[in-house]
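Here's the letter readout for the chains.
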Amino acid sequence: MKFDYVIVGAGPAGCIMAERLSTEKKARVLIIEKRDHIGGNLYDYYNDEGILIHKYGPHFFFFFKSEVWEYLNKFTTWHYYEHKVMANVKGQLVPFPINLDTYNTLYNTNLNQVEFEKKLTEFKFTDEPKNAEEAIINQVGQYLYETFFLQYTLKQWGKHPRELHADTVKRVPVRIDRENRYQLAKYQGLPKKGYTHMMKNMISNPLISVMLNTDYKTVISDLSYKKLIYTGPLDYFYDYRFGKLEYRSLRFEEQTHNQDEYQAHAVINYPNNYDFTRITEYKKMTGQMSPKTTIHIEFPEAYTENINDPYYPILDKINTELKEKYSQLAAQEKDVIFLGRLAEYRYYAMDDVVEAALHAYSKMGSSK
Ligand SMILES: Cc1cc2nc3c(=O)[nH]c(=O)nc-3n(C[C@H](O)[C@H](O)[C@H](O)COP(=O)(O)OP(=O)(O)OC[C@H]3O[C@@H](n4cnc5c(N)ncnc54)[C@H](O)[C@@H]3O)c2cc1C
């Protein structure tokens with residue numbers, strides 16, 4: 001069969017391109033996805049206990065751009081949910097990002113906003129921090145650095161903050177007031193029937209075909225198409241010609257408890273103790289009612305191809321230079337569009353990736 005476009009990857013980037021091309025250009029599109037489901041890392045499903053969970057870690061939508069909000073509204077209604085994160089510090093729960101309450105609780109003080117702001121300026125000791133450790137201490141002082149960032153960075157990235165460039169933490173998010181929402185976006189929430197349902201709606205056009213359980217390299221030479229839209233890993237496209245781009249991965253330990261509630265908040269971070277970084281209780285995000293509850297305990301780990309999933313790009317000097325070499329090759333491809341977190345080797349939040357896909361589509365012009 002002949003296609004106008006082949007899209008590699010059924011994540012949000014791939015599904016949005018498929019929707020736009022089939023709806024606006026009436027193009028015939030094939031999506032090839034190596035996993036056994038659509039949705040990319042947003043994939044959610046009901047587990048054996050009937051609880052809606054996110055297979056690849058908790059996902060919350062923050063809409064800073066109305067363009068993104070209006071586009072997704074075509075495919076879902078919303079469960080309104082304002083995400084708040086608490087951190088467990090020596091058994092005490094305090095808001096994160098750090099705010100006035102976090103500081104007052106941990107220091108056992110009663111500062112007001114003006115006093116807290118002044119306190120923060122007193123921590124500054126250099127105009128040119130040499131590494132991430134100095135950059136953080138410069139903004140929040142030694143105690144808050146040790147409490148929230150030192151062990152957390154070691155767990156999350158497998159590296160000491162001293163080994164990371166100061167630019168990776170140019171601005172540590174600190175709220176001088178009592179604001180305890182994780183993000184301040186106007187619209188926040190989750191698709192009412194889940195991400196997978198939303199994305200199924202997106203690709204429901206009969207002009208779109210989907211091939212699951214297929215690595216695109218095993219079929220691509222047998223297909224007839226005009227253009228490729230590639231949302232898989234950039235280095236894999238070029239058979240790792242210059243070497244492999246590094247990622248950090250995660251492991252999720254799932255537990256279902258025969259009780260209504262496991263913890264007081266949807267997400268509790270564990271910056272210091274334990275090998276895991278956070279515990280998520282899904283019902284608290286989705287608003288689902290059930291006498292049981294499912295949690296994910298999240299353990300960061302090294303990424304190994306074909307063993308676990310690539311999650312976070314490691315944006316150090318070596319990988320940034322390697323990405324640049326691949327990007328130069330990619331820029332020369334006339335009939336391939338590289339799009340999304342793997343193909344661009346960058347951290348994209350969901351609203352960013354939706355916006356990037358809509359812009360990539362509008363740049364394609366009017367021809368089919
Ligand atoms: C743990 C975690 C939590 C997150 N939480 C949030 C959050 O709360 N809020 C937020 O805004 N963002 C969050 N994100 C970011 C969000 O996951 C990304 O914005 C989104 O997944 C990017 O979409 P994408 O289409 O670029 O990539 P993906 O969703 O990764 O989709 C790419 C698809 O390509 C497929 N593919 C790869 N190689 C091949 C191949 N060779 N052949 C065929 N198919 C292939 C993959 O299987 C995958 O399905 C989080 C990310 C992580 C890792």
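Colleague: It is not clear to me how the packing of aromatic side chains should be interpreted in this structure. Could you clarify?
Modeller: For the structure shown, the criterion picks out 36 aromatic pairs. Taking 5.4 Å as the distance between ring centres and 35 degrees as the angle between the ring planes, the aromatic pair formed by F96 and F148 counts as tilted. Of this pair, F96 sits in strand β8 (residues 92–96) while F148 sits in helix α5 (residues 132–157), and the two are 52 residues apart along the sequence. Given a relative accessible area of 3%, F148 falls into the buried group. When the ring of Y274 is compared with that of F276, the centres are 5.0 Å apart and the planes differ by 5 degrees; the resulting orientation is stacked. The class of Y274 is exposed, set by a relative accessible area of 52%. A relative accessible area of 12% means that F276 is categorised as buried. Following the ring pairs from residue to residue traces out a cluster consisting of Y216, Y230, Y236, F237, Y238, Y240, F242, Y326 and F338. Here the guanidinium or amino end of R20 rests over the ring plane of Y361, the centre of that ring lying 6.0 Å away. Lying across the ring of Y236, K217 places its NZ or CZ 3.9 Å from the centre.

Colleague: Just checking my understanding: could you explain the site of the ligand for this structure?
Modeller: The environment of the ligand is made up of 33 residues, and the closest members are E33, H59, R341, Y348 and M350. A distance of 3.3 Å separates an oxygen atom of the ligand from a polar backbone atom of P12. Between Y347 and the ligand, the recorded distance is 3.3 Å, taken from a side-chain N or O atom to a nitrogen atom. In isolation the ligand offers 1,000 Å² of accessible surface; the protein chains occlude 96% of this area. Looking at the shell around the ligand residue by residue, the classes come out as 19 nonpolar, nine polar and five charged.

Colleague: Would you take a moment to explain the packing of helix α1 (residues 12–24) against helix α10 (residues 350–363) for this structure?
Modeller: At a minimum axis distance of 9 Å, the contact between α1 and α10 shows a crossing angle of 35 degrees. Regarding α1 and α10, the two cross each other, and that crossing is right-handed. Residues P12, A13, I16, M17, R20, L21 and E24 of α1 form the contact with α10, whose own contacting residues are V353, V354, A357, L358, A360 and Y361. The residue makeup of the contact of α1 with α10, split by class, is 11 nonpolar, no polar and two charged.

Colleague: It is not clear to me how the environment of S290 should be interpreted in this structure. Could you clarify?
Modeller: Looking at the secondary structure, you find S290 in the loop between α8 (283–286) and β15 (293–302). For S290, a relative accessible area of 17% puts it in the buried group. Each C-alpha atom of the pair S290 and D127 lies 53 Å from the other, and the pair is 163 residues apart in sequence. Dropping the residues within four chain positions of it, S290 is found in contact with I51, D260 and K283. Within the local environment of S290, its side chain forms a polar contact with the backbone nitrogen of K292, the two atoms lying 3.0 Å apart.

Colleague: Even after reading the chapter, I still don't get the sheet that holds strand β6 (residues 78–80), so can you show me in this structure?
Modeller: Where strands meet in a sheet, backbone hydrogen bonds hold them as pairs that are either parallel or antiparallel. In spatial order, the strands read β5-β9-β6; together these three strands make up an open sheet with antiparallel pairing. Looking along the sheet, the strands with just one partner apiece sit at the ends: β5 (61–63) and β6. If you compare each strand with its neighbour and ignore which way they point, the axes differ by 45 degrees on average. Here β6 pairs with strand β9 (residues 187–191) via three bridges, running antiparallel. Looking at β9, one finds that H79 is bridged to L190. In the packing of helix α6 (residues 195–202) onto the sheet, the strands contacted are β5, β6 and β9, and the crossing angle to β9 comes to about 85 degrees.

Colleague: Can you walk me through the packing of helix α3 (residues 100–107) against α5 in this structure?
Modeller: When two helices pack together, their arrangement is captured by the angle between the axes and the distance separating the axes. Where α3 meets α5, the axes come as close as 12 Å, and the angle between the chain directions of the two elements is 105 degrees. With respect to α5, the element α3 is oriented roughly perpendicular. Here T102, Y103, L106 and Y107 of α3 come into contact with α5, specifically with Y143, L144, T147 and F148. Taken together, the residues of the contact of α3 with α5 sort by class into six nonpolar, two polar and no charged.

Colleague: Would you mind showing me how to read the layout of surface pockets here?
Modeller: The gaps left among the atoms become clear once a water-sized probe is rolled over them. Estimated volume of the second largest pocket: approximately 250 Å³. Forming the walls of the second largest pocket are Y5, K227, I337, F338, L339, A356, H359, A360, K363, M364, S367 and K368. The set of elements that each furnish at least two residues to the lining of the second largest pocket consists of β17 (336–338) and α10.

Colleague: I tried to follow the domain arrangement of the protein chain on my own but got confused; where do I start?
Modeller: Many descriptions give the size of an interface as the accessible area lost when the pieces come together. Each assigned domain of the protein chain is listed here: domain 1 (5–82 + 185–243 + 314–363) and domain 2 (85–169). Using only C-alpha atoms to locate each centre, domain 1 and domain 2 end up separated by 34 Å.

Colleague: It is not clear to me how the environment of T23 should be interpreted in this structure. Could you clarify?
Modeller: For T23, the location among the structural elements is in helix α1. Owing to a relative accessible area of 31%, T23 belongs among the partly exposed residues under this scheme. Sequence separation between T23 and Y345 is 322 residues; the distance between their C-alpha atoms is 28 Å. From its side chain, T23 meets the backbone oxygen of E19 in a polar contact 2.7 Å long.

Analysis parameters
Sequence order sets the numbering: in each chain, residues are counted from 1 along the sequence as written. Whole-chain, interface and lining totals are the exception, using all residues; otherwise, since this is a predicted model, local features are given only for residues with pLDDT of at least 70 and side-chain atom pairs are given and counted only at 80 or more. With hydrogens and water set aside, each side-chain value is computed from the structure's full complement of heavy atoms. Two rings belonging to Phe, Tyr or Trp (six-membered ring only in the last case) form a pair when the distance between their centres is within 6.5 Å. Interplanar angles under 30 degrees mark stacking, angles over 60 mark edge-to-face geometry, and anything in between is tilted. Strands are runs of DSSP state E lasting at least 2 residues, helices are runs of H or I lasting at least 4, and numbering of each runs from the N terminus. Note on classification: 1.4 Å probe, protein chains only; a residue is buried when its accessible area is under 20% of the maximum for its type, exposed when over 50%, partly exposed between these limits. Geometrically, a lysine NZ or arginine CZ counts as sitting over a ring once it is within 6 Å of the ring centre and also within 35 degrees of the ring normal. The nearness test applies per residue and asks whether one of its heavy atoms lies within 4 Å of the molecule or strand. Here a polar contact means two N or O atoms within 3.5 Å. Within protein one must be a hydrogen donor candidate and the other an acceptor candidate, and residues neighboring in sequence count only if both atoms are side-chain atoms. Accessible surface is estimated by sampling points in the Shrake-Rupley manner with a 1.4 Å probe; for residues, cover comes only from the protein chains shown. Side-chain classes are defined by residue name, with Ala, Val, Leu, Ile, Met, Phe, Trp, Tyr, Cys and Pro counting as nonpolar, Asp, Glu, Lys and Arg as charged, and the others, Gly among them, as polar. The axes used here are C-alpha line fits, helices contributing only the stretch in contact, and every angle between their N-to-C directions lies in the interval 0 to 180 degrees. Each helix crossing is assigned a hand: it is left-handed if the near helix lies turned anticlockwise from the far helix by less than a right angle, otherwise right-handed if that turn is clockwise. Contacts are residue-level and defined by heavy atoms, with any inter-residue pair within 4.5 Å sufficient. Only strands that DSSP links by at least two bridges are regarded as paired with each other. Any angle that falls under 35 degrees is termed roughly parallel, while one over 145 is termed roughly antiparallel, one within 65 to 115 roughly perpendicular, and all others oblique. In this analysis the probe radius is 1.4 Å and the grid spacing 1 Å, with only protein atoms considered; a cavity is a set of points the probe fits into but cannot get out of, a pocket is an open set with protein on both sides within 12 Å along at least five of seven lines, and lining residues have an atom within 4 Å of a point. Grid points are joined across faces, edges and corners, and a volume is the space filled by probe spheres set on the points. Each domain's limits were defined by an automated method or a database of domain assignments.

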